[in-house]
Structures are given as structure tokens and as C-alpha cells.
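# Descriptive structure summary
As a plain string of letters, each chain reads:
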Amino acid sequence: METIYDILKAEHRQVADLTQQAMRDSSKESFLKIKAKLDPHMMGEEKLFYPLLEQKSELRELVNHAYEEHNEIRSVSSELESMDPSSSNWVSKLKELDETVSHHVEEEENKVFPEAQRVMSEDKAQQIAQQYLDFSKTFKQQHPMP
Ligand SMILES: [Fe+2]
Ligand SMILES: [Fe+2]
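Read on for a plain summary of the structure. (Residues numbered from 1 in each chain as written. Chains lettered and ligands numbered in written order. Predicted model: local features only at pLDDT ≥ 70, side-chain atom pairs only at ≥ 80, totals over all residues. Heavy atoms only, no water.)

### Some words on the packing of aromatic side chains
- Counting across every chain of the model gives 7 aromatic pairs.
- Considering the side-chain rings of Phe49 and Tyr50, the 6.0 Å spacing of their centres and the 40 degrees angle between planes classify their relative orientation as tilted. Neither residue differs from the other here; Phe49 and Tyr50 are each classed as buried.
- On the numbers, 6.0 Å between centres and 40 degrees between planes, the contact of Phe135 with Phe139 is tilted. Of this pair, Phe135 and Phe139 both sit in helix α5 (residues 122-142), 4 residues apart, which is roughly one turn of the helix.
- Through successive ring pairs, a cluster of aromatic residues spans Tyr5, Phe49, Tyr50, Tyr67 and Phe113. (Phe/Tyr/Trp six-rings, centres within 6.5 Å; stacked < 30°, edge-to-face > 60°. Buried < 20%, exposed > 50% of the residue type's maximum accessible area, 1.4 Å probe, protein only. Helix = DSSP H or I, 4+ residues; strand = E, 2+ residues; numbered from the N terminus.)

Here it is in C-alpha cells:
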């Protein structure tokens, strides 16, 4: 059965692919596809995954840092949302989003997930996966793509 790590990693790859596409075509539509993937991803992590890790005092700092990075990503993303793709700094802002996201993904996959695997059973990681998929489905129904 799939674990939460399998799902989150697969979504990280999808965001990277969508970002490559957005870099190629510089369209608002491509950016909105990234956002539609990122928003439920970060929210799901914050609602279902991070709280379990925070219970371990030794992981609290790592998780706090992850929340900060989510907020940075949200801030760059909301700037892009209000920008016109024809504006001169669209591409550089998109690059900033890519760098911010890539950095965070690297930290999750190389630091957060290994630590989580240390403190969380395989069973629990599968259980969270199911909850995450349910959450993600509901979120997407409530926030349809424009
Ligand atoms: Fe993630
Ligand atoms: Fe994250």
C-alpha cells in the first residue's frame, strides 16, 4: 500500500513538471495549474502530516522551518497570481517560485521524510496517505480550477 511519502513525492514531481511547462509557455494558465497542485499539497501536509511530527519535540524545529517555507511559497505564488504574464518580471518571479519550491522539496525529501519514517510506523504512514487523498479530493471539489 502507498504511504504518505509516496504520494507527496509523486506530487513534488508533478509540480516540477508543471513548473517546467510554465517556464516554457509563460502563461497564466500554466501557473494556475501549479497553484492548483501546490495549494492542496501544502494544506494537506499542514493539516495531516506536520501535526504528527510536531508531537515529537526533536522534530519541532524542522517542522516550524517547513511552515515558514510554505509561507514563503504562498507569498511568491500570490504575487504571481496578481501579476500579468506579459510583465517584465513574470519570468523572474516564476523562477523565484521554482527555487523556493525546489529548496523546500529537497528539505522535505532529504530531512523531513527520513525523520518522519524514524518516528512513524509504516501502518501510520499508510493511514495518513488515505486521509491525505480524501482531504485532497474534497479540497479540489471546493476549489475548482478557474
Ligand atoms: Fe511537500
Ligand atoms: Fe511542504
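Following the structure, the description resumes.
### Let's talk about the coordination of the iron ion (ligand 2)
- Every protein donor of the iron ion (ligand 2) is accounted for by Glu45 (OE), Tyr50 (OH), His70 (NE2), His104 (NE2) and Glu108 (OE), and the metal-donor separations fall at 2.0 to 2.7 Å.
- Written as a sequence motif, the donor arrangement for the iron ion (ligand 2) is E-x4-Y-x19-H-x33-H-x3-E.
- Taken as a pair, the iron ion (ligand 2) and the iron ion (ligand 1) lie 3.3 Å from each other and share Glu45 as a ligand. Residue Tyr50 is located in helix α2 (residues 28-54), and its partner Glu108 is located in helix α4 (residues 90-119); the two are separated by 58 residues in the primary sequence. Exposure class is identical for Tyr50 and Glu108. Each is buried. (Donors = N, O, S within 2.8 Å, 3.2 Å for Na, K, Ca; no water.)

### Re empty space enclosed by the protein
- Enumeration according to the criterion identifies 3 cavities of 30 Å³ or more in this entry.
- In this structure, the largest cavity encloses a volume near 70 Å³.
- Taken together, 13 residues line the largest cavity, and the ones lying closest to its centre are His12, Leu38, His41, Val101 and Val105.
- Residue assignment for the lining of the largest cavity shows that the elements contributing at least two residues are α1 (4-25), α2, α3 (60-82) and α4.
- Of the residues belonging to the lining of the largest cavity, the class tally is 6 nonpolar, 4 polar and 3 charged. (1 Å grid on protein atoms, 1.4 Å probe; cavity = no way out; pocket = protein on both sides within 12 Å on 5 of 7 lines; lining within 4 Å. Points joined across faces, edges and corners; volume = space filled by probe spheres on them. Nonpolar A, V, L, I, M, F, W, Y, C, P; charged D, E, K, R; others polar.)

### Section: the coordination of the iron ion (ligand 1)
- Ligation of the iron ion (ligand 1) by protein atoms is provided by His12 (NE2), His41 (NE2), Glu45 (OE) and Glu108 (OE), these donors lying 2.1 to 2.2 Å from the ion.
- Mapping the donors of the iron ion (ligand 1) onto the primary sequence yields the spacing H-x28-H-x3-E-x62-E.

### Considerations on the pattern of salt bridges
- Using the criterion set out here, one finds 9 salt bridges in the structure.
- Among the salt bridges present, the one from Glu58 reaches Arg118, with a minimum N-O distance of 3.8 Å. Of the two residues, Glu58 is situated in the loop between α2 and α3 and Arg118 in helix α4; the sequence distance between them amounts to 60 residues.
- Of the charged contacts, one joins Glu107 and Lys111 as a salt bridge, the two residues approaching to 3.5 Å between their closest N and O atoms. Taken as a pair, Glu107 and Lys111 lie in helix α4 at a separation of 4 residues, close to a single helical turn.
- One network of salt bridges, with partners in common, ties together Lys35, Asp39 and Glu81. (Salt bridge = Lys/Arg side-chain N within 4 Å of Asp/Glu carboxyl O.)

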